[in-house]
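# Observations on the three-dimensional arrangement
Each chain, written out:
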Amino acid sequence: MPRRLRTGIDVLDRKLSGGIPPGSVVALVAPPASQAELLLYELTVPRRTLYLTTERSAEAVRDAFDRTNAPTGSPEVRRLDGEAPVDAAHRLVEALPEDSTLIVDPVDTLESQDLPRYRRFLNALQTAMVNTGGLAVLHCLDGLTPPPGRDNTVYMADVVFSLDTRISGESVENRLAVPKFRGGRALDETIKLELAERVQIDTSRDIA
């Protein structure tokens, strides 16, 4: 079996034949009001992680890690700000160590920059992941107005996780689809998740 990198989320690793191929770029597409951050937090468990935040302060992200009940690693948290966030991200990507995880949360800020520059960043990111055998996760907010670079992100990504959150009456339902998986097999069914204190399979039965 080809080598896989564990995500740190047992249910995903089982579904994905052990995890994600080394050198992959993952796009996690999720609604802004979802608990997608739990997925990101648990992704920091297996390996050394650089967590780049573009909206919240680094202090706010570290505080969220301290307060969560989900299993986490001890990521290095850096805030991407200034007038050239794509260039700053590019420099950090070039310095990534072997077998590490990069998380950009959310990537929307970079997707909103100059498109040719953002495309160069995505290509450099893919090259860096292949060269280091690492894993990059780009958190894409699935809001009302996607940034101009969203199609580029999803097209360039090797793996796409698409989280659908629906509120019906008193219940909240989260379903994770994996419609794209280069180097493996895309899932033909969604995974019903329970996103409360940590990421778990929702074992409740669907009622037609």
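Refer to the structure presented above.
Presented here is a report on the structure given in the accompanying data block. This one's a predicted model, so the numbers in the text were calculated from it and none came from an experiment.

So, about the overall build of the protein chain. Counting its regular elements, the protein chain contains seven helices and nine strands. A globule of 208 residues ought to have a C-alpha radius of gyration of about 17 Å, and the protein chain, at 16 Å, matches this closely. Buried positions account for 51% of the 208 residues belonging to the protein chain. Accessible surface computed for the protein chain: about 10500 Å², of which carbon and sulfur atoms make up 46%. Where the 25 positive side-chain charges of the protein chain centre and where its 31 negative ones centre are 5 Å apart.

Let us now look at helix α6 (residues 115-132). Helix length check: α6 (18 residues) gives 25 Å between terminal C-alpha atoms against 26 Å at 1.5 Å per residue, within 8%. By the burial criterion, the buried members of α6 are Y118, F121, L122, A124, L125, Q126, A128, M129 and T132. Buried residues along α6 sit against β1 (24-30), α4 (85-94), β4 (101-105), α5 (108-111), β5 (135-141) and α7 (150-156). Trailing α6 by a residue or two, G133 shows a phi angle of about 65°, which is positive.

Turning to the pattern of salt bridges, a few remarks are in order. What the rule picks out here adds up to 13 salt bridges. The salt bridge involving E42 is made with R198; its shortest N-O contact spans 3.9 Å. With E42 in helix α2 (residues 36-42) and R198 in the loop between β8 (191-195) and β9 (199-201), this residue pair connects regions lying 156 residues apart in the sequence. According to the relative accessible area criterion, E42 is buried, its value standing at 0%. The class of R198 is partly exposed, set by a relative accessible area of 33%. Of the charged contacts, one joins R150 and D108 as a salt bridge, the two residues approaching to 3.2 Å between their closest N and O atoms. With R150 in helix α7 and D108 in helix α5, this residue pair connects regions lying 42 residues apart in the sequence. Considered together, R150 and D108 belong to a single accessibility category, that of buried residues. Sharing partners across several salt bridges, the network here consists of D108, E111 and R150.

Conventions and cut-offs
One numbering rule holds for all chains: residues counted from 1, following each sequence as written. A pLDDT threshold of at least 70 governs which residues receive local features in this predicted model, and a stricter bar of 80 or more applies before side-chain atom pairs are shown or counted, although totals over entire chains, interfaces and linings include all residues. As a convention, hydrogens and water are excluded, and side-chain values are obtained from all of the structure's heavy atoms. Only DSSP runs of H or I covering at least 4 residues are called helices, and only runs of E covering at least 2 are called strands; the numbering of each starts at the N terminus. Each radius of gyration reported is based on C-alpha atoms, and the globular scaling rule is 2.2 Å times the count of residues to the power 0.38. Only protein chains enter the area calculation, which uses a 1.4 Å probe; residues under 20% of their type maximum are buried, those over 50% are exposed, and those in between are partly exposed. Only the protein chains shown count as cover for residues, and the accessible areas themselves come from Shrake-Rupley with a 1.4 Å probe. Residues scored as positive are Lys and Arg, those scored as negative are Asp and Glu, and His as well as the terminal groups of each chain are ignored. Lysine's charge is taken at NZ, arginine's at CZ, aspartate's at CG and glutamate's at CD. A helix is expected to reach a length of 1.5 Å times the quantity of its residues less one. Every residue pair with non-hydrogen atoms within 4.5 Å of one another is taken to be in contact. We define a salt bridge as a side-chain nitrogen of Lys or Arg found within 4 Å of a carboxyl oxygen belonging to Asp or Glu.

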